[in-house]
Amino acid sequence: LSLGYNILLFPLAYLYSALEEKNIFDWIGAIIGFSMILIAGSRGPFLAVAIFALIYVMLKISNSRKRVVLMLSVVLGFILLWVLYPFIIMWLSNLLEQLGLSSRFLTKLMAGDIFDDTGRNRIWGAAVEMIRSNPFGYGAMGSRPVMYNYVYAAHPHQIFLEILIDFGVFIGSAIIIWMLIYSLKVFRMRGQDEWRGVFLIFFARACQLLISVTFWHSIGLWGTVAVGYCALRARKRGTIHGRE
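Described in the following lines is the structure provided in the data block.

About the criteria used
- Residues numbered from 1 in each chain as written.
- Predicted model: local features only at pLDDT ≥ 70, side-chain atom pairs only at ≥ 80, totals over all residues.
- Heavy atoms only, no water.
- Helix = DSSP H or I, 4+ residues; strand = E, 2+ residues; numbered from the N terminus.
- Buried < 20%, exposed > 50% of the residue type's maximum accessible area, 1.4 Å probe, protein only.
- Contact = heavy atoms within 4.5 Å.
- Expected span 1.5 Å × (residues − 1).
- Bend = angle between axes of the 7 residues up to and from the residue.

What follows covers the side chain of S212. One can find S212 in the loop between α9 (193–206) and α10 (219–237). By relative accessible area, S212 is classed as buried at 8%. Residues in contact with S212, not counting those within four places in the same chain, are Y5, R120 and H157.

Positive phi, close to 55°, is recorded for M141, a residue that is not glycine. Within the secondary structure layout, M141 lies in the loop between α6 (120–133) and α7 (144–147). Backbone geometry places V213, a non-glycine residue, at a positive phi of 45°. The topology assignment puts V213 in the loop between α9 and α10. For V213, a relative accessible area of 21% corresponds to the partly exposed category.

If you check helix α1 (residues 3–21), its first and last C-alpha atoms are 28 Å apart, about what 19 residues at 1.5 Å a residue would give, namely 27 Å. Roughly 35° is the biggest bend found in α1, and it falls at L9, with proline P11 one to four residues downstream. Taken together, the buried positions of α1 are G4, Y5, I7, L8, L9, P11, L12, L15, Y16 and A18. In this structure, the buried residues of α1 make contact with α2 (24–40), α3 (44–63) and α9. Directly after α1, the chain includes K22, whose backbone phi takes a positive value near 60°.

As structure tokens, then:
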């Protein structure tokens, strides 16, 4: 289950470079990486891919003078994908079958189980009860004494719930708000496509935390914080070309 998350950063980087530079080798790298996730990974990484694609499109639309044309293109593309979706899934499944391979992700899609919570609602319910019982927080990794009764990893598999458990409702809410403002500030940087691109790659990788693992040792989250800090600091110093 961890394989997809472990390699996710690399195909995301390849994908961004391919979209920006139109280099065939970047496309090959992205396809190989996502194929590995499709075949041997879980469904979770594809949430990060979807968030990456959504934010990338929004950034391109916001930067373009042809916003209406781009928005119509995106809507038409979404409709086309929605119509062809069953055929694409069937084709991929048949292709993998011919190669003697299978995909847990595709199997769940065809079975209609893609949104199965796999016990997360029970875990999240226990997390909410912990917050209600002690709104002032339990300290670093404070969810473990309770969560180990629900999942062997002993964390709530949801970054916002984990922050509220560890830091309490008041400090935790302030941290969450700061994170959201911080992210928006970087994404709204004008003329800083390189920094925003690297930030987007790590940000999408960090979206794993919406449904899995813990933020304390997340490469995606701490990479996002580091890249965002460097981007904002560089802009403040005026070392980025195109600074407003």
